[in-house]
Amino acid sequence: MSTNATPSQTVGPYLSIGLTWDEGPHVVAADAPGAVWLRGEIRDGRGDVVKDALVETWQSDPSGRFHTPGFRGLGRCATDDDGRYAIRTVKPGVVQDQAPHLDMSVFARGLLHRVVTRVYFADEPAANEADPVLARVPADRRGTLIASKSQDGYRFDITLQGPDETVFFTI
């Protein structure tokens with residue numbers, strides 16, 4: 001009897017083969033006004049890093065608009081051997097009375113479908129407090145959706161399962 005994973009049991013680690021491109025992690029150029037890095041790591045339910053995951057972000061521009069000429073709004077980055085990802089972007093603007101946020105999909109081994117979350121910003125407390133989507137998340141779980149300020153942008157770690165699991169949304 002074999003205990004090896006079969007294709008019906010897991011997904012990956014092929015995500016970075018066909019889904020990434022050189023400019024994927026660079027939503028904006030390094031010299032773009034307001035350019036920041038969104039960095040983090042992905043961990044599984046045991047707390048081990050997931051080195052074969054992929055994150056995809058989608059966001060508005062700083063004015064809260066989508067499909068702006070010259071602004072792609074889409075970022076995609078595979079995790080490295082330490083489970084880390086990095087997306088260079090700009091902080092999004094307010095969209096339909098929602099706090100500045102990015103939508104993020106995570107693709108990883110063991111997931112047959114992506115999981116979707118949001119990234120809010122710790123330096124937007126008033127906007128976060130008024131956000132209608134964030135308000136629907138139990139207060140003790142909201143912290144899993146808040147990116148902390150870092151030296152060159154923000155940090156947002158993702159936990160796929162367990163007591164510290166990041167809040168994921170059904171779409």
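Quick caveat, the model's predicted, so the values are computed rather than measured.

Draft legend 1. Fine view of the overall build of the protein chain. Of the regular secondary structure elements, the protein chain holds two helices and nine strands. Each helix (α) and strand (β) of the protein chain, taken in turn from the N terminus, gives the series α-β-β-β-β-β-β-α-β-β-β. With 171 residues in all, the protein chain has 43% of them scored as buried. Across the protein chain, the fraction of contacts at a sequence separation of at least 24, relative to all contacts at a separation of at least 6, is 67%. For the protein chain, the computed accessible surface area is about 9,500 Å², with 52% contributed by carbon and sulfur atoms.

Draft legend 2. Focus on the pairing of strand β4 (residues 84-90). For β4, the tally of buried residues reaches six of seven residues, placing the bulk of the element in the interior. Alignment of strand β1 (residues 35-43) against β4, held across seven bridges, turns out to be antiparallel. Across the sheet, the residue bridging to tryptophan 37 is arginine 88, located in β4.

Draft legend 3. View of the layout of surface pockets. The volume enclosed by the largest pocket comes to roughly 160 Å³. If you trace the largest pocket, you find it lined by Asp44, Gly45, Arg46, Val50, Arg109, Gly110, Leu111, Leu160 and Gln161. Taken together, the residues of the lining of the largest pocket break down into three nonpolar, three polar and three charged.

Draft legend 4. Spotlight on the environment of arginine 142. The topology assignment puts arginine 142 in the loop between α2 (125-130) and β7 (146-150). Placed 22 residues apart in sequence, arginine 142 and tyrosine 120 show a C-alpha to C-alpha distance of 9.5 Å. Not counting chain neighbours up to four residues away, the residues in contact with arginine 142 comprise Leu134, Ala135 and Val137. In terms of polar contacts, arginine 142 uses its side chain to reach the backbone carbonyl oxygen of leucine 134, at 3.1 Å.

Draft legend 5. Here's a closer look at the nonpolar core. Within the largest apolar cluster, 26 residues are counted, with the highest numbers of intra-cluster contacts made by Leu38, Ile42, Val55, Tyr85, Met104, Ile158 and Leu160. Contributions of two or more residues to this core are made by β1, β4, β5 (101-107) and β6 (115-121). The residues touching methionine 104, leaving out its near neighbours within four places in the chain, are Leu38, Val55, Glu56, Thr57, Tyr85, Val115, Val116, Thr117, Val119, Phe156 and Ile158. Counting residues in each nonpolar core, the second largest holds six residues, with Ala99, Val137, Leu145 and Val167 among its members.

Draft legend 6. View of the environment of proline 163. Here proline 163 is to be found in the segment after β9 (158-159). Judged by its relative accessible area of 73%, proline 163 is exposed. In this structure the C-alpha to C-alpha distance between proline 163 and glycine 45, which are 118 residues apart in sequence, comes to 8.4 Å.

Draft legend 7. Expanded view of the packing of aromatic side chains. Going through the model one piece at a time under the given rule, you end up with two aromatic pairs. Ring geometry for tryptophan 58 against phenylalanine 66: centres 5.9 Å apart, planes inclined by 15°, an arrangement best described as stacked. Note on tryptophan 58: relative accessible area 33%, which makes it partly exposed.

Draft legend 8. A look at the environment of arginine 72. Relative to the elements of secondary structure, arginine 72 occurs in the loop between β2 (54-58) and β3 (74-78). If we ignore the near neighbours within four places in the chain, the residues touching arginine 72 are Trp21, Glu23, Gly24, His26, Val27 and Trp58. A polar contact is formed between the side chain of arginine 72 and the backbone oxygen of glycine 24, at a distance of 3.5 Å.

Cut-offs and rules
Counting of residues starts from 1 at the beginning of each chain's written sequence and follows it residue by residue. This being a predicted model, a pLDDT of at least 70 is required before a residue's local features are given, and a value of 80 or more before pairs of side-chain atoms are given or counted; all residues contribute to the totals for chains, interfaces and linings. The basis for every side-chain value is the complete set of heavy atoms in the structure, and neither hydrogens nor water enter the calculation. Secondary structure counts use DSSP, requiring at least four H or I residues in a row for a helix and at least two E residues in a row for a strand, with both numbered from the N terminus. Think of it in three bands: with a 1.4 Å probe and only protein chains considered, a residue is buried below 20% of the maximum accessible area for its type, exposed above 50%, and partly exposed in between. The contact definition used throughout considers only heavy atoms, calling two residues in contact when any of these lie within 4.5 Å. Computed with a 1.4 Å probe, the accessible areas rest on the Shrake-Rupley method; for each residue, only the protein chains presented here act as cover. Pairing between two strands is assigned when DSSP locates at least 2 bridges connecting them. In this analysis a 1.4 Å probe is tested at points of a 1 Å grid over the protein atoms alone, and where it fits but cannot get out there is a cavity; an open set with protein on both sides within 12 Å along at least five of seven lines is a pocket; lining residues have an atom within 4 Å of a point. Grid points are joined across faces, edges and corners, and a volume is the space filled by probe spheres set on the points. Throughout this entry, Asp, Glu, Lys and Arg are counted as charged residues, while Ala, Val, Leu, Ile, Met, Phe, Trp, Tyr, Cys and Pro are counted as nonpolar. The remaining residues, Gly among them, count as polar. Residues adjacent in sequence count toward polar contacts only when both atoms are side-chain atoms; beyond that, a polar contact is any pair of N or O atoms within 3.5 Å, and within protein one must be able to donate a hydrogen and the other to accept it. Among the buried residues, those of types Ala, Val, Leu, Ile, Met, Phe, Trp, Tyr and Cys that are joined through side-chain atoms within 4.5 Å form a nonpolar core. Between the rings of Phe, Tyr and Trp (Trp by its six-membered ring), a pair exists once the centres lie within 6.5 Å; its type follows the angle of the planes, with under 30 degrees stacked, over 60 edge-to-face, and the other angles tilted.

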